[in-house]
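Structure assessment
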Amino acid sequence: MTEPWWKHALIYEIYPRSFADSNGDGVGDLNGITEHLDYLEWLGVDALWLAPMFPSPQVDFGYDISDYEAIDPMYGTLEDFDRLQAKARELQIRVVVDMVLNHTSDKHKWFLESASSRDNAKADWYVWDPGVPMDSRGVTEYQKKFGHEGMAPPNNWVSAFGGSAWEWVPARRQFYYHFFYRQQPDLNWRNPAVEAAMFNMMRFWLDRGVAGFRLDAIPMLFEDPHLRNEEETGGVNEQGDPNLHRRYTYNLPQVHDVLRKLRSLADSYPGDPVVIGEVYSYDTAAVYTWYGGEAQDELHLPMDTLVGFGHSFLGQFPRFRAAHFRKYIQEAATQLRGSRPLFVFDNHDNPRSIDRFGDGLHDTQIAKLIATILLTTPATAMTYYGAEIGMVTTTPTRKQDVKDPIGITGWPKEKGRDGARTPMQWTPGAQAGFSTNPHTWLPVAANYTKVNVETESADPDSLLNWNKRLVGLRRTEPALHNGEIVLLDGENADVLSYLRRTQDGRAAVIVSMNMSGQSQTLALDLPNTETRSNSPRVLAATDKCLQAITSLNLIVLPPFSALIVSLW
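What counts and how
- Residues numbered from 1 in each chain as written.
- Predicted model: local features only at pLDDT ≥ 70, side-chain atom pairs only at ≥ 80, totals over all residues.
- Heavy atoms only, no water.
- Helix = DSSP H or I, 4+ residues; strand = E, 2+ residues; numbered from the N terminus.
- Rg over C-alpha atoms; globule rule 2.2 N^0.38 Å.
- Buried < 20%, exposed > 50% of the residue type's maximum accessible area, 1.4 Å probe, protein only.
- Contact = heavy atoms within 4.5 Å.
- Pairing = 2+ DSSP bridges.
- Salt bridge = Lys/Arg side-chain N within 4 Å of Asp/Glu carboxyl O.
- Phe/Tyr/Trp six-rings, centres within 6.5 Å; stacked < 30°, edge-to-face > 60°.
- Lys NZ or Arg CZ within 6 Å of the ring centre and 35° of its normal.

**Regarding the overall build of the protein**
Counting its regular elements, the protein contains 17 helices and 22 strands. What you see for the protein is a C-alpha radius of gyration of 24 Å, in line with the 24 Å of a compact globule of 568 residues. By principal-axis analysis of the C-alpha atoms, the protein measures approximately 80 × 50 × 50 Å. Residue burial in the protein is summarised as follows: out of 568 residues, 60% are buried. Within the protein, residue pairs in contact and separated by at least 24 positions form 67% of the contacts whose partners lie at least 6 positions apart.

Have a look at this one:
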């Protein structure tokens, strides 16, 4: 039986407004992506994940959708999308679209109708409530801050982007619920008509040939119907709002009912369309539930962010330590019960991994190790534009330069996500080859003259060529393509090592990475079945001194180096 394409894929996230500008307006577009598909084929990308390119007021830069079945004019047209897909198909690259099911824009025609009265055809397509009298028992001072006409929001729920999660509409004399910005009202998924409309919309894109969906914010799809107050956990966040437990607004059981239906829809189409979910989990056991448990009938690929982001949703990013990666790689191999992991280190919502894990001196070397983990472990790999060349997070230093609304409202504690969304760096020329317009929507990072595709593609030792080499090995080496993983030297605080081997015993590969600033001597205790060869063949090494090794005995790994060898 042929395995689904996504099981071994490298999925490359593109933020459309930042990838390539074909018409000189300073904003990236679909035709710009099409013009650079040859580069992505050269790199070895199997699928593109396109962040939202639908019509939108752009309050949340596309994650506030006003029309699910069209393309925002700033990015092009449906015909441009079709041309992108057609060329991608010629290059054997699939296109996965970002799908926002939790909410729409407040400019969507559904919401405009819903907000107009309490008795229109779409009156209950969103989550509405009249609130509670201001002087009611138990109403908090925080709720009273957002009251209107003597009524306070029905509970203490807080928007993820600041302020109350409830917004008053005078025409209805009711509040509507919004987990994110007030311009992103949550759909009422308890209404069968909403579910039918959203599923019809997804059929529109599947019929158009997309290779699947990445589901944004999927755990937030349902809310407690009783609108009970969340437990306050103490203190306030960067926006000055009380910290809440989110027991009643995150991962309610009904979410999984919808996912099973969506999985069934995707599986009914040819070509193995993939369903990817944005889930931030506390532990690997929680990740497993998103597959549907033993039934395996929900997400094909929940995003396992524990390896790359740790508990970032709690503001806790991991440090660059072998123990951290060893723990979560091992858990993915054992606790997911054979489900395919999806590892991710970078996306449009977080600082880039080169900055989060880098030490300021060996950042490129560390980025090579991150790429090694991503591309040599038994997981589907998801990367983000520019990670392959070492683009850095370029956070605004002045509030007046911030474009991301969360950075505007949260400044200076929260500076927003602009820093991870700067234009792609193609060349050492003007605007890094991203645009002919000197006024790009965000400034190009200052290091573009050295960190760019043109310069790095000509340097055999560059981060870009290291990524390309790893992608090639992932495809051609059976043990890296589909072998199991065995963690080695499990107590080593500085070196992460693992064995990849095929089930038939015909191929085995060892990957070792020194994650410290000092040289480390490799001392691997291999399983008995892996001692057939004392003359390993070097497949890839970050340092020239490692490329001529002839034995696994007493190998010295330079600081922040990686070595990949075939045992036979």
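Here the narrative resumes, following the displayed structure.
**With respect to the sheet that holds strand S8 (residues 174–177)**
Sheets are built from strands that pair by backbone hydrogen bonding, the pairs being arranged parallel or antiparallel. With respect to topology, three strands assemble into an open sheet ordered S4-S8-S7, the strand pairing being antiparallel. In the strand order of this sheet, the two ends are held by strand S4 (128–129) and strand S7 (166–169), each with one partner. In the sheet, S4 pairs with S8 via two bridges, with the strands oriented antiparallel. Bridge pairing links Asp 129 to Phe 175 in S8.

**Regarding unusual backbone geometry**
Here the amide bond leading from Trp 411 into Pro 412 is cis, since omega sits at 5°, within 30 degrees of zero. Looking at the element boundaries, Pro 412 is found in the loop between helix H14 (405–410) and helix H15 (453–457). Of note, the phi angle at Phe 61 is positive, near 50°, even though the residue is not glycine. If you trace the backbone, Phe 61 turns up in the loop between strand S2 (47–50) and helix H4 (78–90). In this structure Phe 61 comes out as buried when scored by relative accessible area, which is 9%.

**Some points on the pattern of salt bridges**
The final tally for this structure, using the stated rule, is 26 salt bridges. Asp 60 is paired through a salt bridge with Arg 417; the nearest N and O atoms lie 2.9 Å apart. Residue Asp 60 is located in the loop between S2 and H4, and its partner Arg 417 is located in the loop between H14 and H15; the two are separated by 357 residues in the primary sequence. Asp 60 gets classed as buried once you look at its relative accessible area, which sits at 6%. Residue classification places Arg 417 among the buried positions, given a relative accessible area of 12%. A salt bridge links Glu 331 to Lys 327, with the nearest nitrogen and oxygen atoms 2.8 Å apart. Separated by four residues within a single helix, Glu 331 and Lys 327 lie in helix H11 (residues 322–335), roughly one turn from each other.

**Examining the packing of aromatic side chains**
This structure, assessed with the given rule, holds 33 aromatic pairs. Taking 5.3 Å as the distance between ring centres and 55° as the angle between the ring planes, the aromatic pair formed by Phe 61 and Trp 441 counts as tilted. You can see Phe 61 sitting in the loop between S2 and H4 and its partner Trp 441 sitting in the loop between H14 and H15, a full 380 residues away along the chain. Here Phe 61 matches Trp 441 in class, with each residue buried. Here Trp 157 and Tyr 177 contribute two aromatic rings whose centre-to-centre distance is 5.2 Å and whose plane-to-plane angle is 75°, an arrangement assigned as edge-to-face. Of this pair, Trp 157 sits in the loop between strand S6 (151–152) and S7 while Tyr 177 sits in strand S8, and the two are 20 residues apart along the sequence. Note on accessibility: Trp 157 and Tyr 177 belong to one class, buried. In this structure an aromatic cluster arises from ring pairing among Tyr 12, Phe 19, Tyr 39, Trp 42, Tyr 384, Tyr 385 and Trp 426. If you follow Arg 17 out to its NZ or CZ, it ends over the ring of Trp 441, 4.5 Å from the centre. Above the ring of Trp 128, the side-chain terminus of Arg 172 is found at 4.0 Å from the ring centroid.

Fair warning: the whole summary comes from geometry, so function is off the table for now.
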